[in-house]
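# Descriptive analysis of the structure
Chain residues, written in single-letter form:
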2 protein chains.
Amino acid sequence: MDRSTLRRKADVLRTLHGNGRLLVLPNVWDPIGARIVEAAGLPAVATASAAISASLGYVDGEAISRGTMLEIVGRIARSVEVPVSADMERGYGESLAELRETIRLLVAAGAVGLNIEDSLGEEESLRGVDEQCQRIATVREAAAAEGVPLVINARADAFLTALPAAAEERLEETVRRAEAYARAGADCIYPIGPGDRATVSLLRARIRHPINILAHARAMSLAEMQEIGIDRVSFGPGLFRSGLQRFADSVARLAALGPYDAVANDLMPRDEVQRYLMGGPETGP
Amino acid sequence: MDRSTLRRKADVLRTLHGNGRLLVLPNVWDPIGARIVEAAGLPAVATASAAISASLGYVDGEAISRGTMLEIVGRIARSVEVPVSADMERGYGESLAELRETIRLLVAAGAVGLNIEDSLGEEESLRGVDEQCQRIATVREAAAAEGVPLVINARADAFLTALPAAAEERLEETVRRAEAYARAGADCIYPIGPGDRATVSLLRARIRHPINILAHARAMSLAEMQEIGIDRVSFGPGLFRSGLQRFADSVARLAALGPYDAVANDLMPRDEVQRYLMGGPETGP
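First, a word on what this report is: a plain description of the structure on this page. Residues take numbers from 1 onward in each chain, read along the sequence in its written order. As a convention, the first chain written is A and the first ligand written is 1, with the rest following in written order. pLDDT decides what is reported in this predicted model: residues at 70 or higher carry local features, side-chain atom pairs at 80 or more are listed and counted, and totals for whole chains, interfaces and linings draw on all residues regardless. Values reported for side chains reflect all heavy atoms of the structure, with hydrogen atoms and water molecules removed beforehand.

### Description of the overall build of chain A
Formally: The numbering of helices and of strands both runs from the N terminus, where a helix is a DSSP run of H or I of at least 4 residues and a strand a run of E of at least 2. When a residue's accessible area, from a 1.4 Å probe over protein chains only, is under 20% of the maximum for its type it is buried; when over 50% it is exposed; and in between it is partly exposed. Contacts between residues were defined by any pair of non-hydrogen atoms, one from each residue, lying within 4.5 Å. Using the Shrake-Rupley algorithm and a 1.4 Å probe, accessible areas are obtained, with residue cover drawn only from the displayed protein chains. Think of it this way: Lys and Arg go in the positive column, Asp and Glu in the negative one, and His and the chain ends go nowhere. A charged residue contributes its charge at one atom only: NZ of Lys, CZ of Arg, CG of Asp or CD of Glu.
Within chain A, the secondary structure is distributed over eleven helices and ten strands. Seen through its principal axes, chain A has C-alpha atoms that stretch 55 × 45 × 35 Å. A total of 285 residues make up chain A; the buried ones form 62% of that total. Restricting to contacts in chain A with at least 6 residues of sequence separation, those with at least 24 account for 69%. Element-wise, carbon and sulfur atoms account for 52% of the exposed surface of chain A, whose accessible area totals about 10,400 Å². Across chain A, the centroid of the 32 positively charged side chains sits 4 Å from that of the 39 negatively charged ones.

### Some remarks on the relation of the copies chain B and chain A
To keep things clear, this is the line we draw: Least squares is used to superpose the copies, and the fit set is the C-alpha atoms of residues whose pLDDT is at least 70 in both copies.
When chain B is fitted to chain A, the residual RMSD is 0.0 Å, and the transformation amounts to a turn of 180 degrees plus an axial shift of 0.0 Å. Considering both components of the superposition, the chain copies are consistent with a two-fold axis. For chain B, the residue whose C-alpha comes nearest the rotation axis is B:Gly243, separated from it by 2.7 Å. Most of the interface of chain B is mirrored in chain A, where 100% of its interface residues are also at the interface.

### Some points on empty space enclosed by the protein
Selection criterion: In this analysis the probe radius is 1.4 Å and the grid spacing 1 Å, with only protein atoms considered; a cavity is a set of points the probe fits into but cannot get out of, a pocket is an open set with protein on both sides within 12 Å along at least five of seven lines, and lining residues have an atom within 4 Å of a point. Grid points are joined across faces, edges and corners, and a volume is the space filled by probe spheres set on the points. Lys, Arg, Asp and Glu make up the charged group, whereas Ala, Val, Leu, Ile, Met, Phe, Trp, Tyr, Cys and Pro make up the nonpolar group; the residues left over, Gly among them, are polar.
Applying the stated criterion to the full structure yields three cavities of 30 Å³ or more. Looking at the largest cavity, its volume works out to about 330 Å³. If you trace the largest cavity, you find 26 residues lining it, with A:Trp29, A:Gly243, B:Trp29, B:Gly243 and B:Leu244 closest to the centre. Breaking the lining of the largest cavity down by element, the ones donating at least two residues are helix H2 (31-39) and helix H10 (238-255) of chain A together with helix H2 (31-39) and helix H10 (238-255) of chain B. Here the lining of the largest cavity is built from residues that sort into 14 nonpolar, eight polar and four charged. There is about 150 Å³ of room inside the second largest cavity. As for the second largest cavity, its lining consists of 13 residues, and the residues nearest its centre are A:Asp30, A:Ser55, A:Leu56, B:Ser55 and B:Leu56. Looking at side-chain class alone, the lining of the second largest cavity contains nine nonpolar, two polar and two charged residues.

### Remarks on the pairing of strand E3 (residues 84-87) of chain B
Residue and element names in this part refer to chain B. As a reminder of what qualifies: A pair of strands is treated as paired once DSSP finds two or more bridges between them. The path from the first strand over the helix to the second decides the hand: if it runs clockwise while the strands point away from the viewer, the crossover is right-handed.
On E3, burial covers both faces: Val84 and Ala86 on one face and Ser85 and Asp87 on the other are all buried. Here strand E2 (residues 45-46) runs beside E3; their pairing, made up of two bridges, is parallel. Note on E3: the bridge partner recorded for Ala46 is Ser85. Two elements, E3 and strand E4 (residues 113-116), share three bridges in a ladder whose sense is parallel. Among the inter-strand pairings, Ala86 is bridged to a residue of E4, identified as Leu114. A crossover links E3 with its parallel partner E4, the connecting element being helix H5 (residues 96-109), and its sense is right-handed.

### Focus on the pattern of salt bridges
Note the threshold: What counts as a salt bridge is simple: a side-chain nitrogen of Lys or Arg found within 4 Å of a carboxyl oxygen of Asp or Glu.
Tallying each qualifying case throughout the model produces 41 salt bridges over all chains. With a shortest N-O distance of 2.9 Å, B:Glu101 and B:Arg104 are connected by a salt bridge. Taken together, the residues B:Glu101 and B:Arg104, both in helix H5 and three residues apart, mark about one turn of the helix. Across the pair B:Glu227 and B:Arg197 runs a salt bridge whose closest N-O atoms are separated by 3.1 Å. Here the residue B:Glu227 occupies a position in helix H9 (residues 222-227), and B:Arg197 occupies one in helix H8 (residues 197-206), the gap between them amounting to 30 residues. It is possible to trace a salt-bridge network through shared partners that takes in A:Asp118, A:Glu173, A:Arg176 and A:Arg177.

### Quick look at the packing of H2(B) against helix H12 (residues 270-278) of chain B
Residues and elements named next belong to chain B. As a reminder, the rule being used: A fitted line through C-alpha atoms represents every axis, and for helices the fit uses only the stretch in contact; the resulting angles, taken between N-to-C directions, go from 0 to 180 degrees. For classification purposes, an angle smaller than 35 degrees is called roughly parallel, one larger than 145 roughly antiparallel, one from 65 to 115 roughly perpendicular, and anything else oblique.
Two elements in contact, H2 and H12, have axes separated by 9 Å at closest approach and are oriented at 85 degrees. It follows that H2 is roughly perpendicular to H12 by the angle criterion. In this structure, H2 uses Ile32, Arg35, Ile36 and Ala39 to contact H12, whose residues at the interface are Val273, Tyr276, Leu277 and Met278. Grouping the constituent residues of the contact of H2 with H12 by class yields seven nonpolar, no polar and one charged.

### Some thoughts on the state of the cysteines
A covalent bond between the sulfur atoms of two cysteines is referred to as a disulfide. All names here are of chain B. The condition is simple: Cysteine sulfur atoms are paired as a disulfide whenever they come within 2.5 Å of each other.
If you walk through the whole model with that rule in mind, you get zero disulfides over all chains. You can see Cys188 has no disulfide; the closest cysteine sulfur is in Cys133, sitting 16 Å from it. Residue classification places Cys188 among the buried positions, given a relative accessible area of 0%.

### Points about the nonpolar core
Note the cut-off: Buried Ala, Val, Leu, Ile, Met, Phe, Trp, Tyr and Cys residues form a nonpolar core when they are joined through side-chain atoms within 4.5 Å.
Formed by 188 residues in total, the largest nonpolar core has its most connected members in A:Met225 and B:Met225. Among residues more than four places away in sequence, those in contact with A:Met225 are A:Leu22, A:Ile213, A:Ala215, A:Ala219, A:Met220, A:Ile230, A:Val233 and B:Tyr260.

### Describing the packing of H10(A) against H10(B)
What counts, and what does not: Here is the rule for handedness: rotate from the far helix to the near one, and if that takes an anticlockwise turn smaller than a right angle the crossing is left-handed, while a clockwise turn gives right-handed.
At their nearest, the axes of H10(A) and H10(B) sit 10 Å apart, and the two run at 150 degrees to each other. In terms of orientation, H10(A) lies roughly antiparallel with respect to H10(B). Where H10(A) crosses over H10(B), the two elements pack in a sense that is right-handed. Residue-level contacts link A:Leu239, A:Ser242, A:Gly243, A:Arg246, A:Phe247, A:Ser250, A:Val251 and A:Leu254 of H10(A) to B:Leu239, B:Ser242, B:Gly243, B:Arg246, B:Phe247, B:Ser250, B:Val251 and B:Leu254 of H10(B). Broken down by class, the residue content of the contact of H10(A) with H10(B) amounts to eight nonpolar, six polar and two charged.

### Side note on the packing of aromatic side chains
For clarity, the cut-off: Between 30 and 60 degrees the pair is tilted, below 30 it is stacked and above 60 it is edge-to-face, where a pair is any two Phe, Tyr or Trp rings, Trp via its six-membered ring, whose centres lie within 6.5 Å. We call a charge positioned over a ring when the NZ of a Lys or the CZ of an Arg lies within 6 Å of the ring centre and within 35 degrees of the ring normal.
By the definition in use, this model includes six aromatic pairs over all chains. Judged by centre distance (5.1 Å) and plane angle (75 degrees), the rings of A:Trp29 and A:Phe240 are edge-to-face. A residue pair is termed long-range when its members are at least 10 positions apart, and A:Trp29 in the loop between strand E1 (23-25) and H2 and A:Phe240 in helix H10 qualify at 211 residues. With a centroid separation of 5.8 Å and 75 degrees between ring planes, the pair formed by A:Tyr260 and B:Phe235 is classed as edge-to-face. Of this pair, A:Tyr260 sits in the loop between H10 and helix H11 (270-278) while B:Phe235 sits in the loop between strand E10 (232-234) and H10, each in a different chain. Assessed through its relative accessible area of 8%, A:Tyr260 is described here as buried. Connected via pairs of aromatic rings, a cluster forms that spans A:Trp29, A:Phe240 and B:Phe247. Between A:Arg155 and the ring centre of A:Tyr190, over which it is positioned, the NZ or CZ distance is 5.8 Å.

Take a look at the structure:
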C-alpha cells in the first residue's frame, strides 16, 4: 500500500479516538473476519494475536514468528479499506533495532496501528517503565521514518501481573505508566483486565488520554463504556474462542455419530460468503 | 515429512475405507481445527478448500493460488499425527504436467490423500470421463513417483451440474464414472450432493467401491449412513460457515453496542486452547 494511503488511514484511525464515541473492535484473525467487520459498518479492524497464533497451531506469547504473524496481518490489511490495527504482542524483538525492523515490516504489511505490551511473557512481570517508554518512542520514531504516523495502543498490563499485588497499587501503577507512555508517543492506553464500572471509572477519571478496555464476561456493557467516556473496546481472542468452542462441540457430536444440525443448519449461505469475499478490495497474493 | 512416514499414513487412511465403519471427517481449515479433530479421537483429518479459500479472502473455485492452498495444507499436515486428506478442487492445473507438479507439492506438504473434482468451475459442466480418468491416473502415477500411495477420493459431480437434467440420468452417469474412476486409480468415490436415503442407497447398491457422502441439511443421519454401508462422510465448509454465521451475528450485535454474552461466555477456556496447541507435534515454521 502506498504511503499516502497509509498516512490517511492512520489519521482516520487516530480521529476514531477521543471523539466521544466508543470505537468497537471485534478482533479478527483472518481476512473474511475483517470483511465481515467492515461490512457491519465498523470504521476500523483490529487483529487478535492470540487468535492468529492459535489458529495456526502456536501457543500464545510470540511462539509464532514475526514473519508468519505479519503475513496474516498483511492479508487482513489488504482485504479491507478501513484502517487495520495489529496486535503485535511485545513487538517481536527484544532489541530496539529488532523493534524498528518490526515497525518497518508492519508498515509494509499495511497496518496503521498496533498494540504493544509492557509485560514480559509467561512470568508476567512488567518491563521497567523507562525501558517501555524507550520502546514506545522507538515505535513512534520508526513509524515516522516510514512516513506513517502509526496509532500506538500501549498496553498497560499491571492488572495482569502478580505484582504489584494490591488493586490500588495496580491502579496507581497503571495511571503512572499511562502518563509516561503518552509522553513517549502512545495514542491510546490499554489497561487490560479491569472491566467493572468502579475500576474503569477510576481509570477514566485519572487518565487524560484515550483508553481501550477489554470486554469480557465480568465487564460492563458497551453502552456503559460509551457513557463513561471509554474510547475503544476490544475483545481479544473472545470471538475466536467462542467459535472454537462451537467447533469442538460439533466435532465431539460428529465423532459419536450424533446429530449434525449445528453444522447443517444456521450456516452462512454460500452466496452470502461469496458476497463478503467479492465486496472488498482485491485480495492477494 | 519422510516418505516412509507418509507411506504408512497413506496406508492407514486407505484401511479406514471399506472396513464397515463410517469414517467421519469434519473438514477443517486451520491447524487448531485439525488438532481438535484429532483430539476427539477421529482417525484422520480432511480439509475444506472452500473454507480455506474463504478464510483467506478468496472466493471458491481455485481463486486461491496453489501455493497458498498448499501452505495451509502443509501447516495442517504438520500439526497432527493422523493422516491428512486435502481438498484440492480441480487439481490446480489444467495440464497433466501441472497436475503432476500439484501432486509433488501435495506430498511435500505432508498430505496423504486428496479430493479431486470432475466438474469445471462456475459453469458446472463435467469434464469428459476419459479426460478425468487420465487425470486420476496421472495423480496415481505422480504419487507413485513420489513414493506415496495417496488415497484418491474422486469427486463425481453429476448431481451438481445442470446436465444431465434428470435425477435418474445423474445417477447412471455417476455409477458409470465411479467404475471408470476406480479403474483409473481412485480409492473412494464422492458423489457430492445427494444425501437422502433413497438416492444414497441406490448409489451404495450400484457402486462397488468406497463411497464418500456429503452431510448437509437434507441428508440422512450419520447412523443411517453407517447402517447402509457408506464408507466416509464429510461436511465441506459446513463447520466453517456455521462459525462464520455466529461471528457475523456477534459482530452485528457489537456494532450496535448490544450485549456481548456470546463472545464473553461459552468460550473455550484459554487453558484448553493451550492444551490443544501443546498436544500435537511441533508446529512450524
